[in-house]
Amino acid sequence: MRPIERDLLRFKEIVRGEVKKRAREFLTREELFGQVEGGVVSIPLPQLEVPKIVYGEPLGEGPLGAGPGAEGLGPGGHIPVAELELEEFLDLMGEALRLPRLRPKGEGEVTEEAFRHTTIARKGPRGLRHVRRTLKESLKRSLLSGEYREEDPRLVPEREDLRYKAPKAKPRPHAQAVVLFALDVSGSMREEELRLVKTLSFWITLWIRRHFPRLERRYLLHDAEAWEVSEEEFFRAREGGGTRLSSALLLAEEILKAYPEAFYNRYLYHFSDGENWQGDTPLALEVLGRLLPGLALYGYAQVQGPYGQGRFLSELEEALGEREELRAVEVRGREDLPPALRRLLGG
C-alpha cells in the first residue's frame, strides 16, 4: 500500500470516529437538514492550530509551545470539513445511536424487470458481439462444409456465424414503504416542542429511506380538524386552536387506503403534547385499533407542553401497550432525542 493510500484510510477512520463521537450533537444540528438531501454531508473537524515560535520573542506564560492558536480553525480561519456520502453517514449514526435495522413486514414488495445479458442472439450491436460463440459457430460451419484445414486452422466468420449477447428480463423485487407524519399544531404546542418533533420526523424519514429507497411521504397537520400539507409546510407549521387527536388518525386511515398492505410497508408517526378534547380519546383508540394490524409501526411521541403532560400517552399504553406495532415515547427535551428516535424506529 502506498503512503498516500495509507494516509487516506487513516483520514477516513478519523472522520468516522468523529461522527460516532458526536452523533448526539449531529442529531440536533439543523444545518445538516438541508445538506443530506444532496446526498453528501459535510463533517466539521475541529483541530488545534500549530503554534508559531519566533526567535527573540518571549514564550509568555504557560507551558512551552502554548501560543495564540485558535482551537478548531484551519487555514484562513475556517473550520476544516470532510465530506461523507449520506449512506455511510447514516450507517455511522445508526451504529453510534444503536438504531434498529428495519425489516419488511409481510410482502411489501413490487417487482420490476431487471435486464441482464445472459442469452445469445443472431443480431445485435458490434459492441455486444460474443467472440467465443461466434468462433464456435464458424468452426462448426467449417467442419460441416469440409473447409477446415488443420495445417491452416484460421477461422473467418461469416454473417450467419455472428452471435451477440442479448438481454433477458428477470423480475427483481423491491421493498417499498409509505410513512405518514401527523403533527399536533394546536395552541398548546410551543415553538420548542415543534422543533423537537420536526427533528425526530426528519431523522425517522432518513432512516426509513435508508432501508426502503422506494419511500413515499405524506404529511398531516391537525388541531381540532386534520388536513394534508406539503413537506415544506409541515416543517414550518404555525397554527392554533383546540385538539382532537382522532381527526389525524381518521385522515391517516383514509389516506392509507391508497397504499395496500400487501404492497407497502406502512409507517405512521404522531406527535402531540397529549392534550386532547374530553371524550375524543375513546374514538382515537378505536381508530388506532383498526389501523395497527396493517401497520409496520405506529410511533407516538408526546412532548412536554406549557401546562405539563397530557394524558393520551398513559391512556394509549394502558389500552394498546401490548401491541407489537406500537412504540410510544415521552420527549421532555433535546437530551431525550437519541433514545426517543431509537424507540420510535422499533428499538
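All figures in this text were calculated on a predicted structure; none of them were measured in a lab.

In terms of nonpolar packing, the biggest core is built from 52 residues, with Phe 89, Ile 208, Tyr 269 and Phe 271 touching the most fellow members. For this core, the element with the highest residue contribution is helix H6 (residues 191–211), accounting for 10 residues. Each of domain 1 (3–96) and domain 3 (175–344) gives at least three residues to this core. For Phe 271, the contacting residues outside a window of four places in its chain are Phe 181, Ala 182, Leu 183, Asp 184, Val 197, Leu 200, Ser 201, Ile 204, Ala 301 and Leu 344. Core analysis: the next-biggest nonpolar cluster, separate from the first, contains 28 residues, Ala 252, Tyr 259, Leu 285 and Phe 312 among them.

The next thing to look at is the environment of Thr 119. Note on placement: Thr 119 falls in strand S3 (residues 109–121). When its relative accessible area of 29% is taken as the criterion, Thr 119 is described as partly exposed. Considering only alpha carbons, one finds Thr 119 and Lys 165, 46 residues apart in sequence, at a separation of 6.0 Å. Ignoring anything within four residues of it in the chain, the contact list for Thr 119 reads Tyr 164, Lys 165, Ala 166, Pro 167 and Lys 168.

The next thing to look at is the side chain of Ser 246. Among the secondary structure elements, Ser 246 is positioned in helix H8 (residues 245–255). By relative accessible area, which is 0% here, Ser 246 ends up buried. Within polar-contact distance, the side chain of Ser 246 engages the side chain of Asp 280 at 2.4 Å. Each residue touching Ser 246, except ones within four places of it in the same chain, is listed here: Asp 280, Leu 283 and Ala 284.

Our focus in this paragraph is the pattern of salt bridges. In the structure shown here, the tally under the stated rule is 19 salt bridges. A salt bridge links Arg 141 to Asp 161, with the nearest nitrogen and oxygen atoms 2.9 Å apart. Residue Arg 141 is located in helix H5 (residues 131–145), and its partner Asp 161 is located in the loop between H5 and strand S4 (164–184); the two are separated by 20 residues in the primary sequence. We note that Arg 141, like Asp 161, is buried. Overlapping salt bridges bring together Arg 141, Glu 147, Glu 158 and Asp 161 as one network.

Cut-offs used in this document
- Residues numbered from 1 in each chain as written.
- Predicted model: local features only at pLDDT ≥ 70, side-chain atom pairs only at ≥ 80, totals over all residues.
- Heavy atoms only, no water.
- Core = buried A, V, L, I, M, F, W, Y, C linked by side-chain atoms within 4.5 Å.
- Buried < 20%, exposed > 50% of the residue type's maximum accessible area, 1.4 Å probe, protein only.
- Helix = DSSP H or I, 4+ residues; strand = E, 2+ residues; numbered from the N terminus.
- Domains from an automatic or database assignment.
- Contact = heavy atoms within 4.5 Å.
- Polar contact = N/O pair within 3.5 Å; in protein donor to acceptor, adjacent residues only side chain to side chain.
- Salt bridge = Lys/Arg side-chain N within 4 Å of Asp/Glu carboxyl O.

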